[in-house]
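Chain residues, written in single-letter form:
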Amino acid sequence: MPELTLSELVGILAEKGMPCGIEGDPSVVVRAVNTLADAVEGELSFLANPKYRKQLTTTRASAVLVSNNAPPNGRCVKLRCQNPYAAVAFAVDAIHGRRQHPQWGLSDAADISPKASIGPGANIAAGVSIEADVVIGAKATIYPGCYVGKGVTIGDEVTLFANAVIYDGSKLGHRVTIHAGTVIGQDGVGYAPVDGKWIKIPQAGHVELGDDVEIGALCAIDRATLGVTRIGRGTKFSNLIAIGHGTKIGEDCMMVAQVGIAGSVDVGNHVVMGGQVGVAGHVTIGDRTQVAGRSGVLADIPADQKIMGLPAVPSGDARRQLILVQRLPAMRLQIRQMQAEIDRLTQLVEGEKRPSGGSSASSR
Amino acid sequence: MPELTLSELVGILAEKGMPCGIEGDPSVVVRAVNTLADAVEGELSFLANPKYRKQLTTTRASAVLVSNNAPPNGRCVKLRCQNPYAAVAFAVDAIHGRRQHPQWGLSDAADISPKASIGPGANIAAGVSIEADVVIGAKATIYPGCYVGKGVTIGDEVTLFANAVIYDGSKLGHRVTIHAGTVIGQDGVGYAPVDGKWIKIPQAGHVELGDDVEIGALCAIDRATLGVTRIGRGTKFSNLIAIGHGTKIGEDCMMVAQVGIAGSVDVGNHVVMGGQVGVAGHVTIGDRTQVAGRSGVLADIPADQKIMGLPAVPSGDARRQLILVQRLPAMRLQIRQMQAEIDRLTQLVEGEKRPSGGSSASSR
Amino acid sequence: MPELTLSELVGILAEKGMPCGIEGDPSVVVRAVNTLADAVEGELSFLANPKYRKQLTTTRASAVLVSNNAPPNGRCVKLRCQNPYAAVAFAVDAIHGRRQHPQWGLSDAADISPKASIGPGANIAAGVSIEADVVIGAKATIYPGCYVGKGVTIGDEVTLFANAVIYDGSKLGHRVTIHAGTVIGQDGVGYAPVDGKWIKIPQAGHVELGDDVEIGALCAIDRATLGVTRIGRGTKFSNLIAIGHGTKIGEDCMMVAQVGIAGSVDVGNHVVMGGQVGVAGHVTIGDRTQVAGRSGVLADIPADQKIMGLPAVPSGDARRQLILVQRLPAMRLQIRQMQAEIDRLTQLVEGEKRPSGGSSASSR
């Protein structure tokens, strides 16, 4: 890990299109990036989530990346920039670097079909199995225990972490990253009910992942029954996500852990789903829509919405409903009191009328 | 992939017990099955979900399998039958065929215990480990990276896709299919709390899967603490499903992705659970009951119910509750207006009485 | 499996600090432990969950571990003790024993870096890959297909079941157990949005698991972006659990299947979460708090709470809300009837006034 002065670091960030102003001594040296709470002297930190603003005064970090409108609190040097969370990405890169993959070359202990085509510079570990008619691009890295089925196409600079499984016929673009244990292209639940039994519909489709897709650990993406299940360019998944057969997800989306999307769903570009969201089959979700964690999407949703709840509705409506559910005990109490008042009024009005005759009954 | 005329295809479907009437030219040739939206000329499609009915007029498919009461819209040839979704299963089979497994025979790079018994025609890949006292039936196919623990019994024509793990003592029936990464028979969370620590209860039971069970990718089925965790004949699972220790699931059930069933649950036959359903421990669910996606089952449910919600209740009740929750803002408004009316009435009635003395107080 | 007389068994339990009284013949022999429903003659059972109390009269078990205040029903011998669920842990241990791992020694078919340090008595199977700078303690057992990344530290007597994946830099304490397919230390979803694309923040942190941690099958624990994701000593996980980057979980916690905890969460000691619970990012949960299954924790929760619902609130409040939601149809009916009564009263009061002039309007 290199040590950098703040002026060197700011120079690197400027090259990446992230100009920063330095409030303090530009000759201060940082040798690691850390959280505000854990950083010690000689480390760089960052303030992106306002929840941690108070830590600016208590952190022992020597310098902190902050937004242009963050308070000047604390003794550390401030590096002010427009998007400190993006700047920290480049700072971590500059100081810590990125993961260096072990270099296996083409391991003798990998089982590679003679009918597979492996690009130059590929790095394929022991215990990998690659079937016939597979095409793997240049500089791909395949960790131990991965399985690549018949006819799979994998682009350049793809990384498959350990024990990933790519079923026959899947197509992965360039620079795709698949984390450990993820399964791409298994059969979906395609069965027709006949006389109380489930008749399997052969799953004749496949999966396509666009360029720069990153899929977390232990996700399961069904192949299509017919045609394609597609994850668009630049989309990122966390872990333990299930995608049903024939679903299409657009570009630059983000799916947090344990999201489950049923089959034949159509998700636009730049869509974000929080953890544990569920989406029912055959619905369409428009571009840039954001779905709060744990929501259940049961119907088509237009573009540019923020939705939550089950069924998911605009977040303002969902919050109002939640608040009112929490106030139901008070509401019930009020209803009881109103009933008592009505009963009293009724007695008053009718008690007063009763001596003068039965007119109240006839007025009903 | 063979090309078939519609009259040839209808002949095949009739043999499978799916007679179809042809509305149009029976000599038309189809060479693939595809969705209504994606099919091109020379392809067969199908209409099973009424949501896609409009596509009948826009599809470029040459022929479409439809139900007997589907509209005659569109220029494509109609193949009318009772259950188009079942017919398409056989049509895909006839035109696309089923997945052909790679043929590894008994790979030299598999690690098979000399104390294991492997049936004739078995197809066992590189990187498979099979422990002592395992019995594997005829024509089983075991993909790379699978682990089969001590004393496991596996029936005929079973398929274990890549990296499936079968713990010691599990019993799999004939024609069972396990998709990639699924784990059968790990210990459940059986711990007794003693002085603030968790004391592990050895998990001495095992798992049994009946004939024709198909389990999706990345499911986890706990072994029983004592006795057996059982999945009944013909039951089908999607992906990322968790089954707790000692739970019994009946025959011909279907569980959609991310279902989680706790331990000691008893599920009947022909039960269907939508995605992300949760079932609490120790409950019983009757035959043929259907649980809507994302529901939480917290209590025993009789047979033949359709339930939803958390806690899951009959779907009609759950829908009424959901609608009323959505109307809570309007309900609150109405309560406020009623309160205002009551206040006004009270003032009217009591204001009128006040001059004539304190009689209203005594009438309370 | 040894046969034991009840007096021998009671002697063993007394040594473990679990004294039992015998109600019946102490010379009765038991040769297996089983559930009340499945036990046959010659077997020991136990009653820990009051739901099964009735089975005490119908079980065929020869002896049953019961609590001191359980009823004397049934013909079987009763072994009375303070905590029958803990006693059964030791009884299963004494009668069934614990799983015996296959003994592979250091398999020739494992791929172990010459730069790794492997402790004495280690048991490493075929198909395992261990990278450089790994340190593995004494008597560790690593099942087939596991991957141990660069610089990982693993304590004594650790068990990694088949196909577990430990990413570079992770640290596992002594006696840690990881079930099959679990992934430790993959990158979390750390991306900064820049011009509609996701810029990856290199995930430079790591994961630490304390001594005696047990993790179920197919869990995914993110490495920290910076610093550490930590699971405290003695904590137990079920299956398919997702833990976000930088989250800290205390000691002796229990997480049931499919729990999902986002990043930067701080969970205390002795916390229990039921199945499918979700926890939003950046929240703090106090010691000993219990979260009911399927709850969603969206805000900080103090110690010693029992919470449920979405958002999770004290369980009593949540139950009251649920009951009132179920009563919403009745509440709406009551509101309608009240409205009708108000309308009638209004008509009565104003109808009576109308002849005598406009005084009611002026009284508003």
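All values derive from a computational prediction rather than experimental measurement.

J.: Can you break down the confidence of the model for chain A residue by residue, with the values?
T.: Residue and element names in this part refer to chain A. Per-residue pLDDT for chain A averages 93, and the proportion of residues at 70 or more is 96%. Low pLDDT, under 50, characterises residues 356-364; the predicted model gives this stretch 8 contacts beyond four residues in sequence or across chains. If you check the scores for this complex, the pTM reads 0.93 and the ipTM reads 0.91.

J.: Describe the relation of the copies chain A and chain C, with residues and values.
T.: In the superposition of chain A on chain C (RMSD 0.1 Å, axial shift 0.0 Å), the rotation amounts to 120 degrees. Such a turn and shift between the copies fits a three-fold axis.

J.: So what's going on with the relation of the copies chain B and chain A? Which residues, and what values?
T.: Here chain B sits on chain A after a turn of 120 degrees about the axis and a move of 0.0 Å along it, with an RMSD of 0.1 Å. Mapped onto chain A, only 20% of the interface residues of chain B are again interface residues, and the two copies thus contact each other with different surfaces.

J.: So what's going on with the sheet that holds strand β7 (residues 77-81) of chain B? Residues and values would help.
T.: Sheets are built from strands paired through backbone hydrogen bonds, the pairs being either parallel or antiparallel. All names here are of chain B. Read across the sheet, 5 strands follow the order β2-β7-β6-β5-β4 without closing on themselves; strand pairing throughout is mixed. Only two strands of the sheet have a single neighbouring strand rather than two, namely β2 (21-23) and β4 (32-33). Each of β2, β5 (43-46), β6 (63-67) and β7 touches helix α1 (residues 6-15); the most contacted strand, β7, lies at about 10 degrees to it.

J.: Summarise the pairing of strand β26 (residues 228-231) of chain B; cite the residues concerned and give the values.
T.: All names here are of chain B. Across 4 bridges, strand β23 (residues 206-209) lies against β26 in parallel orientation. Across the sheet, the residue bridging to V207 is T229, located in β26. Of the pairings in the sheet, the one linking β26 to strand β29 (residues 248-249) comprises 2 bridges and is parallel in character. The residue bridging I231 from the neighbouring strand is I249, located in β29.

J.: Break down unusual backbone geometry for me, with residues and values.
T.: The omega torsion across L310 of chain A and P311 of chain A is -5 degrees, close enough to zero to call that bond cis. By the element assignment, P311 of chain A lies in the loop between β38 (306-308) and β39 (313-314). Although it is not a glycine, K139 of chain C sits at a positive phi angle of roughly 60 degrees. Structurally, the position occupied by K139 of chain C is in the loop between β12 (135-136) and β13 (141-142). For K139 of chain C, a relative accessible area of 55% corresponds to the exposed category. Even without being a glycine, R175 of chain C presents a positive backbone phi close to 60 degrees. Here R175 of chain C is to be found in the loop between β18 (171-172) and β19 (177-178).

J.: Describe the interface of chain A and chain C, naming the residues involved and giving the relevant values.
T.: Each partner contributes to the interface: chain A provides 71 residues, whereas chain C provides 72 residues. For the pair chain A and chain C, the summed buried area comes to about 5700 Å², and 63% of that belongs to carbon and sulfur atoms. Ranking the residues of chain A by area buried against chain C places R99, R294 and I335 of chain A at the top, with a combined share of 11%. Here chain A is connected to chain C by 6 salt bridges. Residue K200 of chain C pairs with E214 of chain A through a salt bridge whose shortest N-O separation is 2.9 Å.

J.: Would you mind going over the sheet that holds strand β18 (residues 171-172) of chain A in detail, with residue names and values included?
T.: All names here are of chain A. Here 9 strands make up an open sheet; going across it, the order is β9-β12-β15-β18-β23-β26-β29-β32-β35 and the pairing parallel. Each edge of the open sheet carries a strand with a single partner, namely β9 (117-118) and β35 (284-285). Strand direction decides the pairing type here: β18 and strand β23 (residues 206-209), joined by 2 bridges, are parallel. The residue bridging L172 from the neighbouring strand is L209, located in β23.

What counts as what
Residues numbered from 1 in each chain as written. Chains lettered and ligands numbered in written order. Predicted model: local features only at pLDDT ≥ 70, side-chain atom pairs only at ≥ 80, totals over all residues. Heavy atoms only, no water. pLDDT = per-residue confidence, 0-100. Contact = heavy atoms within 4.5 Å. Least-squares fit on C-alpha atoms with pLDDT ≥ 70 in both. Pairing = 2+ DSSP bridges. Helix = DSSP H or I, 4+ residues; strand = E, 2+ residues; numbered from the N terminus. Axes fitted to C-alpha atoms, helices over the stretch in contact; angles between N-to-C directions. Buried < 20%, exposed > 50% of the residue type's maximum accessible area, 1.4 Å probe, protein only. Buried area = accessible area lost by both parts, 1.4 Å probe. Salt bridge = Lys/Arg side-chain N within 4 Å of Asp/Glu carboxyl O.

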